Amino acid sequence: MAEEAVTRSLGKVFLHRGIYFVEGLTTPEEIDSLENFSVRDTDVFLITFPKSGTVWIQQILSLIYHKGHLNKTENIKTEVRIPWIEYNIKKVDFERLPSPRLWTTHLPHYLAPKDLKKKKAKIIYVTRNPKDNMISSYYFAKTILSVTKNKDWFSSLLDLVSGEKLLGGFWFDHVKGWHSHKDDYNILFLQYEDMVKDLRSAVLKICNFVGKDLDDQTVDAIVERATFKNMKSDPLANYAHIGQQHRKTQKKSNFLRKGTIGDWKNVMTVAQNEKFDKIFGEKLKDLPIKFIWD
């Protein structure tokens with residue numbers, strides 16, 4: 001498929017096989033090469049649509065796997081411990097990384113490494129209700145990147161619904177794609193809202209899935225460090241440097257914002273919500289997910 005460079009988000013992005021990627025951080029050739037990415041049985045892949053709790057699960061996985069993070073004896077950012085496979089900015093030789101390796105990606109199922117379909121490795125896929133996902137995406141663009149200054153909420157809503165020029169593609173296609181192909185993978189599905197309501201249970205689910213038998217004291221420590229409040233103030237996990245690098249205004253802003261459920265009610269007008277429900281109503285019925293809206 002032809003690539004189209006457009007001005008958007010972090011600067012310029014390009015369209016490749018139905019998905020927009022950040023130009024300068026990856027290439028179409030690098031994306032295509034990921035189909036043959038060498039997957040190990042001990043690998044764990046965190047897969048999400050953007051703004052669905054990616055950083056949160058990165059923090060939890062890092063705390064589960066790395067004692068140096070949990071006991072604060074190592075000063076390594078989670079994005080280094082759990083790198084993005086499609087954005088290998090520092091050109092790390094992934095083959096030389098020791099097992100078990102932890103990975104992060106926003107790729108749709110059809111661009112993911114083929115070896116994952118052999119049920120090699122484990123996948124943790126996190127969804128977030130699409131209304132709050134939209135709100136989070138909007139504020140990320142507005143506050144961190146200052147790219148939606150002249151766009152109203154209705155336009156942003158239409159962007160989400162149509163998938164037009166959004167990193168990660170169309171929310172519905174991404175979520176449905178991974179859920180409809182679940183039998184091809186060794187995959188654990190989590191919901192962002194369940195994490196908000198009961199973080200300890202989510203941590204235990206992840207531990208059980210990845211085969212980590214941790215004592216109660218360690219689990220409690222992980223849960224405490226992984227609360228949204230503590231994660232937001234943790235320089236190893238909060239991606240604060242992203243806001244500093246790409247923010248176009250001098251106003252202080254955070255990569256992580258609220259971490260709540262139902263914030264869409266504080267932002268969307270009645271008309272916008274009705275428009276959303278009209279467009280998404282039938283599509284959501286095709287998903288095996290019972291969304292928590294507030």
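To keep things clear, this report deals only with the structure shown in the data block. Just so it is clear, the model here is predicted, and its values are computed rather than measured. (Residues numbered from 1 in each chain as written. Predicted model: local features only at pLDDT ≥ 70, side-chain atom pairs only at ≥ 80, totals over all residues. Heavy atoms only, no water.)

1. Considerations on the overall build of the chain
Using the following cut-off: Helix and strand definitions follow DSSP, with helices as H or I runs of at least four residues and strands as E runs of at least two, each counted in order from the N terminus. In what follows, residue pairs with any heavy atoms lying within 4.5 Å of each other are defined as contacts.
In terms of regular secondary structure, the chain is built from 13 helices and seven strands. Long-range contacts, defined as pairs at least 24 residues apart, comprise 71% of the intrachain contacts of the chain with a sequence gap of at least 6.

2. Digging into the packing of aromatic side chains
How we decide: Classification of ring pairs uses Phe, Tyr and Trp, with its six-membered ring standing for Trp, and accepts pairs whose centres are within 6.5 Å; under 30 degrees between planes counts as stacked, over 60 as edge-to-face, and the remaining range as tilted. Exposure categories follow from relative accessible area, calculated using a 1.4 Å probe and restricted to protein chains: below 20% of the type maximum is buried, above 50% is exposed, and the middle band is partly exposed. Note on criteria: charge over ring means Lys NZ or Arg CZ within 6 Å of the ring centre, with the direction from the centre no more than 35 degrees off the ring normal.
Applying the stated rule across the entire model yields 13 aromatic pairs. Geometrically, the ring pair formed by F170 and F172 is tilted, given 6.1 Å between the ring centres and 45° between the ring planes. Overall, F172 belongs to the buried group, its relative accessible area being 4%. Judged by centre distance (5.0 Å) and plane angle (50°), the ring pair of W178 and Y185 falls under tilted. Owing to a relative accessible area of 0%, W178 belongs among the buried residues under this scheme. Taking relative accessible area as the criterion, Y185 reaches 5% and is therefore assigned buried. Ring pairing ties together the aromatic residues F37, F45, F94 and W103, which thus form one cluster. Between K131 and the ring centre of W264, over which it is positioned, the NZ or CZ distance is 4.2 Å. Here the basic side chain of K131 rests over the ring of W293, its NZ or CZ set 5.0 Å away from the ring centre.

3. What to know about the sheet that holds strand β4 (residues 44–48)
Here is the rule we go by: Any two strands are treated as partners once DSSP identifies two or more bridges connecting them. The axes are straight lines fitted to the C-alpha atoms, using for helices just the contacting stretch, and the angles between their N-to-C directions are given from 0 to 180°.
With respect to topology, four strands assemble into an open sheet ordered β5-β4-β6-β7, the strand pairing being parallel. Among the strands making up the open sheet, the edge pair consists of β5 (102–105) and β7 (187–191). The mean angle between the axes of side-by-side strands here comes to 20°, regardless of whether they run parallel or antiparallel. Where strand β6 (residues 122–127) meets β7, five bridges bridge the pair, whose relative direction is parallel. Opposite V126, over in β7, you have L190 as the bridge partner.

4. So, the pattern of salt bridges
Test applied: Any carboxyl oxygen of Asp or Glu within 4 Å of a side-chain nitrogen of Lys or Arg constitutes a salt bridge here.
By the definition in use, this model includes ten salt bridges. The partner of E74 in a salt bridge is R81, and the shortest N-O contact between them spans 2.9 Å. A residue is classified by how much of its surface remains accessible, and E74, at 34% relative accessible area, is partly exposed. R81 sits in the buried class, given a relative accessible area of 11%. Close ionic contact of K118 with D115 constitutes a salt bridge, the shortest N to O distance being 3.3 Å. The class of K118 is exposed, set by a relative accessible area of 59%. Under the relative-accessibility criterion, D115 is labelled buried at 19%. Within this structure, R17, D32 and E35 form a network of salt bridges that share partners.

5. Observations regarding the environment of K197
Residue placement: K197 occurs in helix α8 (residues 192–197). When the C-alpha positions of K197 and I261 are compared, they lie 9.1 Å apart, and in sequence the two are 64 residues distant. Those residues within four positions of K197 in sequence are excluded, and the remaining contacts are I261, I292 and D294.

6. Observations regarding the nonpolar core
Quick reminder of the rule: Grouping buried Ala, Val, Leu, Ile, Met, Phe, Trp, Tyr and Cys residues that are joined through side-chain atoms within 4.5 Å yields what is termed a nonpolar core.
Ranked by size, the top nonpolar core spans 41 residues in total, and within it F45 and W171 carry the most contacts. Looking at this core, the elements that each hand over two or more residues are β3 (19–22), β4, β6, α5 (130–145), α7 (171–180) and α13 (270–284). It is α7 that contributes the most residues to this core, four residues altogether. With 32 residues, the next largest nonpolar core counts A202, C207, F209 and F228 among its residues.

7. Some words on the side chain of T54
Which entries qualify depends on this criterion: Two N or O atoms form a polar contact when they lie within 3.5 Å of each other; inside protein one atom must be a possible hydrogen donor and the other a possible acceptor, and for residues adjacent in sequence the pair counts only when both atoms belong to side chains.
Summarising the element assignment, T54 is placed in helix α2 (residues 54–65). Reaching out from T54, the side chain makes a polar contact with the side chain of T48 at a distance of 2.6 Å. For T54, the residues in contact, after removing those within four places along its chain, are L46, T48, F49, W84, T104 and H106.

8. Quick notes on the pairing of β5
Where burial is concerned, the two faces of β5 agree: the one with L102 and T104 and the one with W103 and T105 are both buried. By the bridge criterion, four bridges tie β4 to β5 in an arrangement that is parallel. If you follow F45 over to β5, its bridge partner there is W103.

9. Description of α2
The test is simple: To estimate the expected span of a helix, count its residues, drop one, and scale the result by 1.5 Å.
Between the first and last C-alpha of α2 there are 16 Å, a value that for twelve residues agrees with the 16 Å anticipated at 1.5 Å per step. Of all twelve residues in α2, twelve are buried; the element is thus mostly enclosed. Buried within α2 are the following residues: T54, V55, W56, I57, Q58, Q59, I60, L61, S62, L63, I64 and Y65.

From the geometry alone we can't say anything about function, so treat these as descriptive.
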